[in-house]
Protein chains: 2
Amino acid sequence: MKQNRIVVRAPATVANLVCGFDVLGLALDHPYDRIAITLLDERVIRITHDDEYGLPADPEKNVMGVALLALLKEVKEVAGFDVACTKGIRPGSGIGSSAAGAAGAVVGANKLLGNRFSKNDLIRFAMEGEKIASGARHADNVAPAIYGGITLIRSMEGPDIVQIPFPELYVTIIHPQIEVKTADARQILKTRVELKDAVHQWGNVAGLVSGLFLKDYELIGRSLEDVIVEPQRCILIPGFEEVKKDSLRAGALGGGISGSGPSLFMLCKDPSVAAEVETMAKERYNKMGLPVLTYISKVNEYGVQEEVMPIVGAVS
Amino acid sequence: MKQNRIVVRAPATVANLVCGFDVLGLALDHPYDRIAITLLDERVIRITHDDEYGLPADPEKNVMGVALLALLKEVKEVAGFDVACTKGIRPGSGIGSSAAGAAGAVVGANKLLGNRFSKNDLIRFAMEGEKIASGARHADNVAPAIYGGITLIRSMEGPDIVQIPFPELYVTIIHPQIEVKTADARQILKTRVELKDAVHQWGNVAGLVSGLFLKDYELIGRSLEDVIVEPQRCILIPGFEEVKKDSLRAGALGGGISGSGPSLFMLCKDPSVAAEVETMAKERYNKMGLPVLTYISKVNEYGVQEEVMPIVGAVS
């Protein structure tokens, strides 16, 4: 029997990974969006949101809708989708909320269409969704959301995506409740950088990739250094320096701004360290009087996945 | 019995590897310098050169001498060295001639002193030698000369050197007989670069490192692209564009300027392709009326090595 309904979990993602601005990203086990998609035999996209974020239902203004419209452009037969989303990832958190929607929608739709599109096709479609959310067509959240694990976007042509193997890693996400618009975070970046800083940075990028391949936690830690973007952007995030220092003292390998913020992320070898980082960050922001949300997750190996035993209301 | 004489082979090296300016390098099996070192019981360094290059014999002006002086500063007992070098690597070729001398001298001396220094110590000493040759303290030739294989200098602090595993690779070196001074080649580089170019470059650096780990020749080839340094420097090397195009057409994975030139290098999966690249380059420079030297070598896994069965006059 042909499957005409699917429920997927679309994971949060961390873009940049400190030194890998615009090229590296990783997927988390949670938080995630839960997206139910039904294949229709008419050319229409209907979107409903079962959450409090007030995201637009108009498919042309909704990241899932735009991504699915891009996909449907390459589908010859008459088809459409009914999409019901429960967002577990807060919009504007800097952990790939829009990418999760876009990636989840097209991965689910592709499954209902018999998996006719490649992962790279799906990235292309999902990037169209990303574009309406952030103003730029970028793949550093969409790629890990679709591939899972840790991904390198070597080039946007293709796109040319490389899956980087990795050792066991725990990620603490720290989301101070302030707003940083992706477009603003892009705008403060200088368009030119010192060659010597660029060299330093690609030494770190090569070190981080090597450390992941070699499962060398110390090398990973030493390489988690950003001399270009973080010094410019960290001023947008109150408490950034303090939380980072606390985390390193607690034993985190390293970390920094997740995507364009405001979330921070810290990579840890041990879950106990990840928990300690979380505790210290909460204390720090409590002292500052700034509300904060936190998550601890392993790196997600699979990306968007079908929910095997959907339990209604499981995600809240 | 304590060894008081050693003969080492110090290999040529290729710095930068296209996208990895100042951080990546590889060692070649040949050409190489042959350096005979005798441990003396007086604090003196005597240098003789058995070649036609007219290199200075004064230890304070000779790369081997300066490197050995740096080493001796950390040796408490009275010791010195007699050094006799037959250079197989032409000075000014862009394949690490001075680095080979400096690396060979300190690795050999360290062996005679009971291997008391670490490889990173030896890199520090050898860089002092490099400095008098190029005016800058850099490790991108010295590191692969000492470690062998393909090396990443993640940071000059330490230095932090990572050995990158690699698949079978053949390197064609093409050395048009023109002079490009390292200092000049550095000077033409703009000190600032576009952020978007830097991002493109570190995507390629990460791609190259991943390709080497994964033994993915196609990814290696796609990543051998330099959008920052090569466009500025290639004008110093007549025939660069043509030779590169010929090489890619012949099936080379990619390549570019070796170090700061004037040598070019091309990486190939098959020895037959490496030979075809060599033939085409010779034809190209013959047509241009420019003398050219060429070499084909595998990547050298060991770096500076003791010559097990020294045959007098074997290197010419």
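Owing to the predicted nature of the structure, the values given are computational and were not obtained by experimental measurement.

How each quantity is defined
Residues numbered from 1 in each chain as written. Chains lettered and ligands numbered in written order. Predicted model: local features only at pLDDT ≥ 70, side-chain atom pairs only at ≥ 80, totals over all residues. Helix = DSSP H or I, 4+ residues; strand = E, 2+ residues; numbered from the N terminus. Rg over C-alpha atoms; globule rule 2.2 N^0.38 Å. Buried ≥ 20, exposed ≤ 12 C-beta atoms within 10 Å, placed from the backbone. Contact = placed C-beta atoms within 7 Å. Pairing = 2+ DSSP bridges. Arc of directions from axis to C-beta. Axes fitted to C-alpha atoms, helices over the stretch in contact; angles between N-to-C directions. Nonpolar A, V, L, I, M, F, W, Y, C, P; charged D, E, K, R; others polar. Least-squares fit on C-alpha atoms with pLDDT ≥ 70 in both. Expected span 1.5 Å × (residues − 1). Domains from an automatic or database assignment. Parallel < 35°, antiparallel > 145°, perpendicular 65-115°, else oblique. Left-handed = near helix turned anticlockwise from the far one by under 90°.

A. Region of the structure containing the overall build of chain A. A count of helices and strands for chain A gives ten helices and twelve strands. Taking 2.2 N^0.38 as the reference for a compact globule, 316 residues should give roughly 20 Å; the C-alpha atoms of chain A span a radius of gyration of 19 Å, in line with that estimate. For chain A, the spread of C-alpha atoms along the three principal axes comes to 55 × 40 × 35 Å. Out of the 316 residues in chain A, the part that is buried amounts to 54%. For chain A, contacts bridging at least 24 residues in sequence account for 72% of all contacts bridging at least 6.

B. Fine view of the pairing of strand 6 (residues 160-164) of chain B. The pairing of strand 5 (residues 150-155) of chain B with strand 6 of chain B spans five bridges and is classified as antiparallel. Looking across to strand 6 of chain B, one finds that Leu 152 of chain B is bridged to Val 162 of chain B.

C. Spotlight on helix 9 (residues 240-250) of chain B. Residues and elements named next belong to chain B. Among the residues of helix 9, Phe 240, Val 243, Lys 244, Ser 247 and Ala 250 are the ones counted as buried. Taken around the axis of helix 9, the buried residues stretch over an arc of 125°, which confines them to a single face. Residues of helix 9 that are exposed and point over 90 degrees away from its buried face: Glu 241, Lys 245 and Arg 249. Contact partners of the buried residues in helix 9: strand 7 (170-176), strand 9 (254-257), strand 10 (264-268) and helix 10 (271-288).

D. Structural detail: the sheet that holds strand 7 of chain B. All names here are of chain B. Read across the open sheet, the four strands follow the order 9-10-7-11; overall the sheet is antiparallel. Both outer strands of the open sheet, strand 9 and strand 11 (292-298), are each paired with one neighbouring strand and no more. Averaged over neighbouring strand pairs, the angle between their axes works out to 15° when direction is ignored. Sheet analysis places strand 9 next to strand 10, joined by four bridges and oriented antiparallel. The residue of strand 10 that forms the bridge with Gly 254 is Leu 267.

E. Looking closely at the environment of Arg 233 of chain B. Residue and element names in this part refer to chain B. Looking at the secondary structure, you find Arg 233 in helix 8 (residues 230-233). Distance in space between the C-alpha atoms of Arg 233 and Ile 188 is 7.3 Å, their sequence separation being 45 residues. Ignoring anything within four residues of it in the chain, the contact list for Arg 233 reads Ala 185, Ile 188, Ile 257, Ser 260 and Gly 261.

F. Structural context of the interface of chain A and chain B. With 33 residues of chain A in contact, the opposing surface of chain B contributes 33 residues. Those elements that place two or more of their residues in the side of chain A that touches chain B are strand 5 (150-155), strand 6 (160-164), strand 8 (192-194), helix 6 (195-214) and helix 7 (217-223) of chain A. Top contributing element to the side of chain A that touches chain B by residue count: helix 6 of chain A, with 13 residues. Counted by class, the side of chain A that touches chain B contains 17 nonpolar, nine polar and seven charged residues. Pairing between strand 8 of chain A and strand 8 (residues 192-194) of chain B: three bridges, direction antiparallel.

G. A look at the relation of the copies chain A and chain B. Mapping chain A onto chain B is achieved by rotating through 180° and translating by 0.0 Å along the same axis, at an RMSD of 0.0 Å. Taken together, the rotation and translation relating the two chain copies correspond to the operation of a two-fold axis. The fraction of interface residues of chain A whose copies in chain B are also interface residues reaches 100%, indicating that both copies meet through the same surface.

H. Up close: helix 10 of chain B. Residue and element names in this part refer to chain B. Between its terminal C-alpha atoms helix 10 stretches 26 Å, which fits the 26 Å expected from 18 residues at 1.5 Å a residue. Turning to helix 10, its buried residues are Ala 274, Val 277, Glu 278, Met 280, Ala 281 and Tyr 285. Contacts made by the buried residues of helix 10 are with strand 7, helix 9, strand 10 and strand 11.

I. Expanded view of the domain arrangement of chain A. All names here are of chain A. One can read the domain layout of chain A as domain 1 (5-165 + 300-306) and domain 2 (170-298). For domain 1 and domain 2, the distance between their C-alpha centroids amounts to 24 Å. Taken together, the 24 residues of domain 1 in the interface contact 34 residues of domain 2. The set of elements that each furnish at least two residues to the side of domain 1 that touches domain 2 consists of strand 1 (5-15) and strand 2 (24-40). Looking at the side of domain 1 that touches domain 2 element by element, the count peaks at four residues for strand 2. Split by residue class, the side of domain 1 that touches domain 2 holds 13 nonpolar, ten polar and one charged.

J. Molecular detail of unusual backbone geometry. Looking along the chain, the bond that leaves Gly 261 of chain A and enters Pro 262 of chain A is cis, with omega of 5°. Structurally, the position occupied by Pro 262 of chain A is in the loop between strand 9 (254-257) and strand 10 (264-268). Here the amide bond leading from His 30 of chain B into Pro 31 of chain B is cis, since omega sits at 5°, within 30 degrees of zero. Tracing the backbone shows Pro 31 of chain B in strand 2 (residues 24-40). Its identity as a non-glycine residue notwithstanding, Lys 215 of chain A has a phi of 55°, on the positive side. Residue placement: Lys 215 of chain A occurs in the loop between helix 6 and helix 7. Residue Lys 215 of chain A is classed as partly exposed on the basis of its 13 C-beta neighbours within 10 Å.

K. Up close: the packing of helix 1 (residues 63-72) of chain A against helix 2 (residues 97-112) of chain A. Residues and elements named next belong to chain A. In the contact formed by helix 1 and helix 2, the axes pass within 8 Å of each other and the chain directions differ by 40°. Considering the angle they form, helix 1 stands oblique to helix 2. Relative to helix 2, helix 1 is oriented so that their crossing is right-handed. Side by side, helix 1 and helix 2 meet where Val 63, Met 64, Ala 67, Leu 68 and Leu 71 of the first sit next to Ser 98, Gly 101, Ala 102, Ala 105, Val 106 and Ala 109 of the second.

L. Quick peek at the sheet that holds strand 10 of chain A. Residues and elements named next belong to chain A. The strand order across the open sheet formed by four strands is 9-10-7-11, and the pairing between neighbours is antiparallel. In this open sheet, the two edge strands, each paired with only one partner strand, are strand 9 and strand 11 (292-298). Neighbour-to-neighbour, the strand axes of this sheet turn through a mean angle of 15°, independent of strand direction. Relative to strand 10, strand 7 (residues 170-176) is paired through five bridges, and the arrangement is antiparallel. Residue pairing in the sheet places Tyr 170 in a bridge with Cys 268 of strand 10. Against the sheet, helix 9 (residues 240-250) contacts strand 7, strand 9 and strand 10, and its axis sits at roughly 10° relative to strand 10. Taken strand by strand, helix 10 (residues 271-288) contacts strand 7, strand 10 and strand 11, and its axis lies near 175° from that of strand 11.

M. Inspection of the packing of helix 6 of chain A against helix 6 (residues 195-214) of chain B at higher detail. Between helix 6 of chain A and helix 6 of chain B, whose axes approach to 9 Å, the crossing angle comes to 30°. Taken together, helix 6 of chain A and helix 6 of chain B sit at an angle that is classed as roughly parallel. Read as a crossing pair, helix 6 of chain A and helix 6 of chain B show a hand that is right-handed. Mapping the contact onto sequence places Ala 198, Gln 201, Trp 202, Val 205, Ala 206, Val 209, Ser 210 and Phe 213 of chain A in helix 6 of chain A and Ala 198, Gln 201, Trp 202, Val 205, Ala 206, Val 209, Ser 210 and Phe 213 of chain B in helix 6 of chain B.

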